[in-house]
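Each chain, written out:
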Amino acid sequence: MNYFLTEEQQMIRDLARKIAEEKVAPRAAEFDEAEEFPWDLIKILAESGLFGVWVPEEYGGLGGGVFEQCLVVEELSRACGAVAVSYAASALGGFPILLFGTGEQKRKCMPDIASGAKLAAFALTEPDAGSDASNIRTTAKRDGDHYILNGTKQWITNGGEAEIYTVIATIDPSRGARGMTAFIVEKGTPGFEFGKKEKKMGIRASATRELIFQDCRVPAANMLEREGKGFIVAMRTFDRTRPGVAAQAVGIAQGALDRVAKYATERVQFGKRIAEFQAIEHMIADMATQVEAARALVYATARMIDAGERDFSREASMAKVFASDVAMRVTTDAVQIFGGYGYMRDYPVEKMMRDAKITQIYEGTNQIQRSIIGSAVIKQAMRRP
Amino acid sequence: MNVAVLIKQVPETTDVKISRETNTLMREGVASIINPFDMYAIEEALRIREQHGGKVTVITMGPPQAEEALRQALALGADDAVLLSDRAFAGADTLATSYTLARAIEKLGGFDLVICGKQAMDGDTAQVGPEVAENLDLPHVTYVRRIEELSPDHMRVQRMIEEGYEVIESPIPALITVVKEINEPRMPSIKRMLRAKKAAITSWTAADLGADESRIGLTGSPTRVIRVFTPEQRRAGEILEGETVQEKVRSLVAKLKETHLV
């Protein structure tokens, strides 16, 4: 489908595609197998300037938005979901600073995030605070012009590799969501250590790690917004980054579809290319249709956000839930069409199926997304006379 | 250290179609790219600039659309780009092309180093680089796989040969052609791509170069292509059979004697 990208958007997509095909794809299996953070590829992405596509020009970015970010994530995901999430997680860590930071905070952090000189990360999840985000136990206690952070964050993407962390802590656990407060914490701050590195089912090259805060003194000047605004910071950030997860899902699904379409014209059984069997042909048709529908929803949502719409939680959730469910179905079918070969790690589709699964889980499970969508729809219905 | 890189825009395919009427390359309907070997030349020039300072100037001769190849080179980081384009250049063989490129290099005031890819992917002659050097009366080294040393007045390079490599020292200014082993070309940056899109590209005609009209284009090209064909494969090898290694060696020695190779 022609989405009528601007010339600049086409250039961004083409460059991301070139890097994905020439640099990322040939090494995706290797990094997955080794569960090694793909620093070589991150450096190539940094030099390409693609980390800054969504960052305003005054902070060294390209001045694009969520849509440009999605284009890059999608192309990278066609080659490797893990490289794509490592790239996207830096935006997840950076968006809260861009949206809620003071001029000084932005001037300090954004240029390095835009250039890719530093990776960023976002830390909200804890062992007992997943979908129930306001149940966090990491505390921030005011002490003069500092806050003292104590607690453990779990499953933090880019953990250990990133330099800049947006951390959500609570100034008072009894206040629930209203106690949550966001801080910028830099790697190397005394009292800030990294814990266990997770071994995952998919996106194995990406870093997922514990962050441990023990009497970590963070300057009050590093607080984003003000005390009690952390929940808002997190939710407004997710509204902007969920289309990115959706784009990741679209990219993974497209990657699987690309390979299936090629394989089906090469694999011969019963003396025929398997693409000639209607059973296979119709599966491919359904896969292609679902991928295009998902892409259309993601692009429309991203463009709506960039155009300045105020409330887009519902659409961001729809894009995320739809695209990730599509990715799971399409990659599962891709493995099915590849048959026994698809199940083998010598072929790329089993990795795509493993990588696709997480898109239904992270940045809000699809169940949470459905709650957001459902409550928005019902609220709207109730407002009507 | 000022470096010139000579590049060529080629069709994005190794399966080049040749016109039956004119025996020249058919470019219609095929996307164009920078000759892949020239990418290594550009990369090496950029690395030299990063280490020694100076400027990288990219030069190509071709139709107006070859400007796109120059913009790609600017997106990679080249400082300046010069397009040599004129109907009078059309039909040039390697001799006329190298003369034209040499005039441009002279007009630009010369360089410390001129770098070319080892050959173009379409024509495959590997002649333009050395011929440019001859036109400029510069020393040249072909098939360079590594620059070991580069100082203001000399260079030491490794030249790839079939059995390994030679180490060659030469005064500079000089011209080198490079092989793909020399480096790994970088990716363009999106910001430079956007700048390159708007960059002014110098375009020179035959008159701008003050070129001798008898030495450019078809007129300046003594090459006449009679027929283009892929040479026949060399005779297939022979596998010597035998029960033991000793037996195989014996029959090998006998064969070598038989053919008077030993």
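Residues numbered from 1 in each chain as written. Chains lettered and ligands numbered in written order. Predicted model: local features only at pLDDT ≥ 70, side-chain atom pairs only at ≥ 80, totals over all residues.

**Some thoughts on the overall build of chain B**
Thought 1: Across its full length, chain B holds seven helices and eleven strands.
Thought 2: Projecting the C-alpha coordinates of chain B onto the three principal axes gives extents of approximately 70 × 50 × 40 Å.
Thought 3: Looking at the 262 residues of chain B, the share that counts as buried comes to 39%.
Thought 4: Here the contacts in chain B between residues at least 6 apart in sequence split such that 68% fall between residues at least 24 apart. (Helix = DSSP H or I, 4+ residues; strand = E, 2+ residues; numbered from the N terminus. Buried ≥ 20, exposed ≤ 12 C-beta atoms within 10 Å, placed from the backbone. Contact = placed C-beta atoms within 7 Å.)

**Re the packing of helix 3 (residues 66-79) of chain A against helix 7 (residues 278-306) of chain A**
A pair of packed helices is characterised by two quantities: the angle between their axes and the separation of those axes.
Residues and elements named next belong to chain A.
Thought 1: Two elements in contact, helix 3 and helix 7, have axes separated by 7 Å at closest approach and are oriented at 150°. On the basis of their axis angle, the class for helix 3 and helix 7 is roughly antiparallel. Packed against helix 3, whose contacting residues are Val66, Phe67 and Cys70, the element helix 7 presents Val298, Tyr299, Ala302, Arg303, Ile305 and Asp306 at the interface. (Axes fitted to C-alpha atoms, helices over the stretch in contact; angles between N-to-C directions. Parallel < 35°, antiparallel > 145°, perpendicular 65-115°, else oblique.)

**Digging into the environment of methionine 155 of chain B**
Residue and element names in this part refer to chain B.
Thought 1: One can find methionine 155 in strand 8 (residues 154-161).
Thought 2: The class for methionine 155 is buried, based on 22 C-beta atoms found within 10 Å.
Thought 3: In contact with methionine 155, other than residues within four places in its own chain, are Ile147, Glu149, Leu150, Ser170, Ile172 and Ala174.

**Quick notes on the interface of chain B and chain A**
Thought 1: Tallying the contact residues gives eight residues for chain B and twelve residues for chain A.
Thought 2: The residue makeup of the side of chain B that touches chain A, split by class, is five nonpolar, one polar and two charged. (Nonpolar A, V, L, I, M, F, W, Y, C, P; charged D, E, K, R; others polar.)

**Comments concerning helix 6 (residues 230-266) of chain A**
Residue and element names in this part refer to chain A.
Thought 1: For helix 6, spanning 37 residues, the distance from its first C-alpha to its last is 53 Å, which sits close to the expected 54 Å at 1.5 Å a residue.
Thought 2: Of all the bends found along helix 6, the most pronounced is centred on aspartate 239 and spans about 40°, while proline 243, a proline, follows it within four residues.
Thought 3: With 27 of its 37 residues buried, helix 6 lies for the most part within the structure. (Expected span 1.5 Å × (residues − 1). Bend = angle between axes of the 7 residues up to and from the residue.)

**Digging into the domain arrangement of chain A**
Thought 1: Partitioning chain A into domains gives domain 1 (7-118), domain 2 (121-228) and domain 3 (231-377).
Thought 2: Each residue belonging to the side of domain 2 of chain A that touches domain 3 of chain A can be placed in one class, and the counts come to ten nonpolar, three polar and one charged. (Domains from an automatic or database assignment.)

**Things to note about unusual backbone geometry**
Thought 1: A cis amide bond links isoleucine 172 of chain B to the next residue, proline 173 of chain B, at an omega of 5°.
Thought 2: Inspection of the secondary structure puts proline 173 of chain B in the loop between strand 9 (164-171) and strand 10 (174-178).
Thought 3: You will see that phenylalanine 4 of chain A, though not glycine, has its phi angle at about 45°, which is positive.
Thought 4: Residue placement: phenylalanine 4 of chain A occurs in the segment before helix 1 (7-34).
Thought 5: Unusually for a residue other than glycine, asparagine 158 of chain A sits at a positive phi of about 70°.
Thought 6: Checked against the element boundaries, asparagine 158 of chain A lands in the loop between strand 3 (146-157) and strand 4 (164-170).
Thought 7: By C-beta crowding, asparagine 158 of chain A is classed as buried, having 28 other C-beta atoms within 10 Å.

**Describing the sheet that holds strand 10 of chain B**
In sheet architecture, strand pairing relies on hydrogen bonds along the backbone and comes in two forms, parallel and antiparallel.
Residue and element names in this part refer to chain B.
Thought 1: Pairing in this open sheet of nine strands is mixed, and the strands run 9-8-7-10-6-1-4-5-11 from one edge to the other. Strand pairing shows two members of the sheet lacking a second neighbour, strand 9 and strand 11 (202-204), which therefore form its edges. For this sheet, the mean angle separating the axes of adjacent strands, direction not counted, is 35°.
Thought 2: Of the pairings in the sheet, the one linking strand 6 (residues 113-117) to strand 10 comprises five bridges and is parallel in character. Counterpart to valine 114 in the pairing with strand 10 is leucine 175.
Thought 3: Those strands touched by helix 1 (residues 36-52) are strand 1 (3-7), strand 4 (56-61), strand 6, strand 7 (140-150) and strand 10, and its axis lies near 150° from that of strand 6. (Pairing = 2+ DSSP bridges.)

**Brief notes about the pairing of strand 1 (residues 120-123) of chain A**
All names here are of chain A.
Thought 1: On strand 1, burial covers both faces: Ala120 and Phe122 on one face and Ala121 and Ala123 on the other are all buried.
Thought 2: As paired strands, strand 1 and strand 4 are joined by four bridges and run parallel to one another. Residue pairing for strand 4: phenylalanine 122 is matched across the bridge by threonine 166.

**What to know about the confidence of the model for chain B**
Detailed reading of predicted coordinates is not advised where the pLDDT is low.
Thought 1: For chain B, the mean per-residue pLDDT works out to 91, and 95% of the residues sit at or above 70.
Thought 2: The complex prediction reports pTM at 0.87, with the ipTM value standing at 0.83. (pLDDT = per-residue confidence, 0-100.)

**Considerations on helix 7 (residues 245-258) of chain B**
All names here are of chain B.
Thought 1: An ideal rise of 1.5 Å per residue puts 20 Å on 14 residues; helix 7 measures up with 20 Å between its terminal C-alpha atoms.
Thought 2: Within helix 7, only zero of the 14 residues are buried, leaving the element largely exposed.
Thought 3: A positive backbone phi angle near 60° is found at histidine 260, which sits one or two residues after helix 7.

**Here's the deal with the environment of phenylalanine 4 of chain A**
Thought 1: Look at phenylalanine 4 of chain A and you get exposed, because 7 C-beta atoms sit within 10 Å.
Thought 2: Residues phenylalanine 4 of chain A and alanine 247 of chain A, spaced 243 residues apart in sequence, show a C-alpha to C-alpha distance of 17 Å.

**Remarks on the packing of helix 3 of chain A against helix 6 of chain A**
Residue and element names in this part refer to chain A.
Thought 1: Helix 6 packs onto helix 3 with a crossing angle of 35° between their chain directions and a minimal axis gap of 7 Å. With respect to the hand of their crossing, helix 3 and helix 6 are arranged in right-handed fashion. Listed contacts from helix 6 to Val66, Gln69, Cys70, Val73, Glu74, Glu75, Leu76, Ser77, Arg78 and Ala79 of helix 3 are Arg240, Pro243, Gly244, Ala247, Gln248, Val250, Gly251, Ile252, Gln254, Gly255 and Asp258.
Thought 2: Taken together, the residues that form the contact of helix 3 with helix 6 break down as nine nonpolar, seven polar and five charged. (Left-handed = near helix turned anticlockwise from the far one by under 90°.)

**Details of the pairing of strand 8 of chain B**
All names here are of chain B.
Thought 1: Across five bridges, the pairing between strand 7 and strand 8 is antiparallel. Looking across to strand 8, one finds that leucine 150 is bridged to methionine 155.
Thought 2: Connecting strand 7 to the antiparallel partner strand 8 that follows it, the hairpin turn spans three residues.
Thought 3: The pairing of strand 8 with strand 9 spans eight bridges and is classified as antiparallel. Bridge pairing in strand 9 links valine 157 to isoleucine 168.
Thought 4: Between strand 8 and the antiparallel strand that follows it, strand 9, lie two residues.

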